[in-house]
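Breakdown of the fold
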Amino acid sequence: MVVVPDLMLNNGVTIPQLGFGVFQVPQAQTQRVVEDALGAGYRHIDTAAAYGNEAGVGAAIAASGIPREEIFVATKLRNGEHAIAAEAFEASRRALGVDVIDLYLIHWPVPSQGLFVDAWQAMEKIYAAGGVRAIGVSNFLPDHLDTLLAATTVVPAVNQVELHPTFQQGALCATFRAHGIAMEGYSPLGRGADLSSGTVTALAHKHGATPAQIVLGWHLGVGNIVIPKSTHLPRMRENLGAAQITLSADELEAMAALDSGTRMGADPAEAAFTQM
Ligand code: A2P
C-alpha cells in the first residue's frame, strides 16, 4: 500500500498530506465512494456540512471497520451558520457519527456577513472542550486573517483555498505559512484543465507517471495538503500514487512557471453563498 506522508500542524496534530475530497459527490453515492477511497488506502477524508454528504462519509467510516483513530476527518461550518457554530458543529458530529472531528474549518469568510470572528470564538470553545483536534479556515485572504488574529487566541491550523498549477497563490501561501498555518489546496487538478499542459505531460512521460500524479506530486513537493476527488476507483488509486512521486528542484521550478494567476472558483473577497 502507498505510504502517504504526514504533515504536523501548528498544534502538534498530524494530518495525512494527501487526502480524499467529496465535494459534489451526491449523498446517495457518498458511502460507496468513501468506502472505495478507504479501501484504496486514503486515511484523510475532507467533507463539509454544505456538501450534504457528511452522513455518507460517516456510514463509510463505520462500515470500513478501520479504527477511528486511523482516519483523519475534516468538515466545515456552513456560511449561513456562523452565528450558531456550536449547534452546527453538533449537527456535523452527529451526521458523521464520530465523537471527535479531526479538523473543523470556517468554509468561507463571507466578509459581508461580518460573523467569522464570532464563529471562530465558538470554534475555540469547541477546541478547548476537546470536540475537535484542530480548527482552521478556508478561503481566507490575508485581511481576513488579520481581523481574526486581532480578535482571537487560537491561530488557525490550516487555510484551505483554491490551488493548482495555473493558480498557485504564492504570496497568499507565504503570508499564511509565516504564521505557521498549513496551506491546503482544493481543485488541485484545476478541475482537470491543468492536466494537459506540455510541462505536465512531459514530466509525466519522464517519470512514467500520469499527468494527475505529476500535478499532485507538485502539490506535495511544495508542501501543500491536497484533497483530490474522483468518483472512480482507478483514479482514486492513481491519485494516491502521487505520494510516490518526487519532483526535483528544477522540475518544481518548471511547474512554478505554469502559474497564470487565473482563479476558477469564487473570489473569497466577495463570495457570499449564504445559502450554503
Ligand atoms: P471523476 O470524478 O469523474 O474522476 P479538481 O479536484 O481539480 O476540481 O478536479 C476534479 C475533477 O477531476 C473531477 O471531475 C474528477 O472526475 C477529475 N479527476 C480526478 N482524478 C483524475 C485523474 N487522475 N485524471 C483525470 N481526471 C481526474
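All figures in this text were calculated on a predicted structure; none of them were measured in a lab. (Residues numbered from 1 in each chain as written. Predicted model: local features only at pLDDT ≥ 70, side-chain atom pairs only at ≥ 80, totals over all residues. Heavy atoms only, no water.)

Focus on the sheet that holds strand β3 (residues 20-21)
Strand order in the open sheet formed by 8 strands is β3-β4-β5-β6-β7-β8-β9-β10, with parallel pairing between adjacent strands. In this open sheet, the two strands that pair with only one neighbour each are β3 and β10 (225-226). Examined bridge by bridge, strand β8 (residues 158-162) and strand β9 (residues 182-186) share 5 bridges and lie parallel to one another. Within β9, the position partnered with Glu-162 by the bridge is Tyr-186. (Pairing = 2+ DSSP bridges. Helix = DSSP H or I, 4+ residues; strand = E, 2+ residues; numbered from the N terminus.)

Here we look at the pairing of β9
In terms of burial, β9 is a largely internal element, 5 of the 5 residues being buried. By the alternation rule, side chains of β9 split into Ala-182, Glu-184 and Tyr-186 and Met-183 and Gly-185, which are all buried. Handedness of the crossover joining β8 and β9 through helix α6 (residues 170-178): right-handed. Where β9 lies against β10, 2 bridges are found, and the strand directions are parallel. Looking at the pairing, Glu-184 lines up with Ile-225 of β10. (Buried < 20%, exposed > 50% of the residue type's maximum accessible area, 1.4 Å probe, protein only. Right-handed = clockwise from strand over helix to strand, strands pointing away.)

Section: unusual backbone geometry
Even without being a glycine, Gln-24 presents a positive backbone phi close to 70 degrees. For Gln-24, the position within the fold is in the loop between β3 and α1 (27-40). Classification of Gln-24 by relative accessible area gives exposed; the value is 61%. Phi is positive for Gln-169, close to 50 degrees, though the residue is something other than glycine. Note on Gln-169: relative accessible area 14%, which makes it buried.

Comments concerning the side chain of Ser-187
Mapped onto the elements of the fold, Ser-187 is located in the loop between β9 and α7 (198-207). Once you skip the residues sitting within four places of it in the chain, Ser-187 turns out to touch Glu-162, Leu-163 and His-164. (Contact = heavy atoms within 4.5 Å.)

Describing the packing of aromatic side chains
One pass over the full model with this rule turns up 4 aromatic pairs. Both rings, one in Phe-89 and one in Tyr-104, keep their centres 4.9 Å apart while their planes meet at 75 degrees; by these two values the pair is edge-to-face. Of this pair, Phe-89 sits in helix α3 (residues 85-96) while Tyr-104 sits in strand β6 (residues 101-106), placing them 15 residues apart in sequence. Considered together, Phe-89 and Tyr-104 belong to a single accessibility category, that of buried residues. Relative to Phe-140, the ring of Phe-116 lies with its centre 5.1 Å away and its plane at 70 degrees, an arrangement referred to as edge-to-face. (Phe/Tyr/Trp six-rings, centres within 6.5 Å; stacked < 30°, edge-to-face > 60°.)

As for the site of the ligand
Surrounding the ligand, one finds 15 residues, the nearest of these being Leu-189, Arg-191, Ser-230, Arg-235 and Asn-239. Between Ser-187 and the ligand, the recorded distance is 3.4 Å, taken from a backbone N or O atom to an oxygen atom. Here Leu-189 contributes a backbone N or O atom positioned 2.9 Å from an oxygen atom of the ligand. Summarising the interface, the protein chains cover 80% of the accessible area of the ligand, which totals 570 Å² for the free molecule. Residue contributions to the shell around the ligand peak at 3 residues, all from helix α9 (residues 233-240). Partitioned by chemical class, the residues of the shell around the ligand number 4 nonpolar, 7 polar and 4 charged. (Near = heavy atom within 4 Å. Polar contact = N/O pair within 3.5 Å; in protein donor to acceptor, adjacent residues only side chain to side chain. Areas by Shrake-Rupley, 256 points an atom, 1.4 Å probe, with all protein chains shown as cover. Nonpolar A, V, L, I, M, F, W, Y, C, P; charged D, E, K, R; others polar.)

Re the packing of α7 against helix α10 (residues 249-256)
Packing of α7 against α10 brings their axes to within 10 Å, and their N-to-C directions diverge by 155 degrees. As far as their axial angle goes, α10 and α7 are roughly antiparallel. Crossing angle aside, the handedness with which α7 passes α10 is left-handed. Residue-level contacts link Thr-199, Val-200, Leu-203, Lys-206 and His-207 of α7 to Glu-251, Ala-254 and Met-255 of α10. (Axes fitted to C-alpha atoms, helices over the stretch in contact; angles between N-to-C directions. Parallel < 35°, antiparallel > 145°, perpendicular 65-115°, else oblique. Left-handed = near helix turned anticlockwise from the far one by under 90°.)

Limitation: the analysis is restricted to geometry and does not speak to function.
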